[in-house]
Amino acid sequence: MALQILLNFFLAFVWMFMTVSFSPAGFAIGFLVGLGIIILMRRFFSYRLYTSRVWAVIYLILLFLKELFLSSIQVLRIVLKPNMNLKPAIFELETELKEDWEITLLSALITLTPGTLVVGISNDQKRLYIHALDFEDIDDAVSSIKDTFERAILEVSRP
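Residues numbered from 1 in each chain as written. Predicted model: local features only at pLDDT ≥ 70, side-chain atom pairs only at ≥ 80, totals over all residues. Heavy atoms only, no water.

## Structural notes on helix 2 (residues 24-40)
An α-helix turns once every 3.6 residues. As a result, residues three or four positions apart point the same way.
Stage number 1. Its 17 residues give helix 2 an end-to-end C-alpha distance of 24 Å, which sits within 8% of 24 Å, the value for a rise of 1.5 Å per residue.
Stage number 2. Those residues of helix 2 that fall on the buried side of the exposure criterion are Gly26, Gly30, Gly34, Leu35 and Ile38.
Stage number 3. Buried residues along helix 2 sit against helix 1 (2-19) and helix 3 (50-80). (Helix = DSSP H or I, 4+ residues; strand = E, 2+ residues; numbered from the N terminus. Expected span 1.5 Å × (residues − 1). Buried < 20%, exposed > 50% of the residue type's maximum accessible area, 1.4 Å probe, protein only. Contact = heavy atoms within 4.5 Å.)

Next up, the structure:
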């Protein structure tokens, strides 16, 4: 991926020198021309184009913002209720993530979402222990995290 980005920047600078246009607009046009060349040459790369990872990162950010907003509303409803019938619980989430940074990112996203907190990670780094403020069903909670955050992190990290 890094090679593709560097190649794209190199092609953008070559474009700027060929057109003698040393402006941000000239660089942007060169960047788009370079991106087109890289797309045409994609069969020579052994991994996917870097643009798909960029879109995956943007999707992950938007997903986190959506989950942050929805969980904030849910916590606000809990706090504003006259009688709090909370069912807090700690549950275990077995993850498919392997790299340290992937597990750290998943833990941070879960912890930054109101109403949930990662309280521990197993020694083999395959299980996360999560505290939920208002807990209904283990399967729903686990599948919710796996279908949102974990899947989006796998899209970003896997070749």
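That was the structure; now back to the text.
## With respect to the packing of helix 4 (residues 100-112) against helix 5 (residues 138-157)
Stage number 1. With their axes 11 Å apart at the nearest point, helix 4 and helix 5 run at an angle of 145° to one another. Crossing angle aside, the handedness with which helix 4 passes helix 5 is right-handed. Where helix 4 approaches helix 5, its residues Trp101, Glu102, Leu105, Leu106, Leu109 and Ile110 are matched on the opposing element by Ile145, Phe149, Glu150, Ile153, Val156 and Ser157.
Stage number 2. Among the residues making up the contact of helix 4 with helix 5, the classes are represented as nine nonpolar, one polar and two charged. (Axes fitted to C-alpha atoms, helices over the stretch in contact; angles between N-to-C directions. Left-handed = near helix turned anticlockwise from the far one by under 90°. Nonpolar A, V, L, I, M, F, W, Y, C, P; charged D, E, K, R; others polar.)

## Things to note about the nonpolar core
Stage number 1. Judged by nonpolar contacts, the single largest core of 25 residues is most densely connected at Phe91, Leu106, Ile110 and Ile130.
Stage number 2. Contributing elements (two or more residues each) for this core: helix 3, strand 1 (89-94), helix 4, strand 3 (127-132) and helix 5.
Stage number 3. For this core, the element with the highest residue contribution is helix 5, accounting for eight residues.
Stage number 4. Dropping the residues within four chain positions of it, Ile130 is found in contact with Ala89, Ile90, Phe91, Leu93, Ile110, Thr116, Leu117, Val118, Val119 and Ile145. (Core = buried A, V, L, I, M, F, W, Y, C linked by side-chain atoms within 4.5 Å.)

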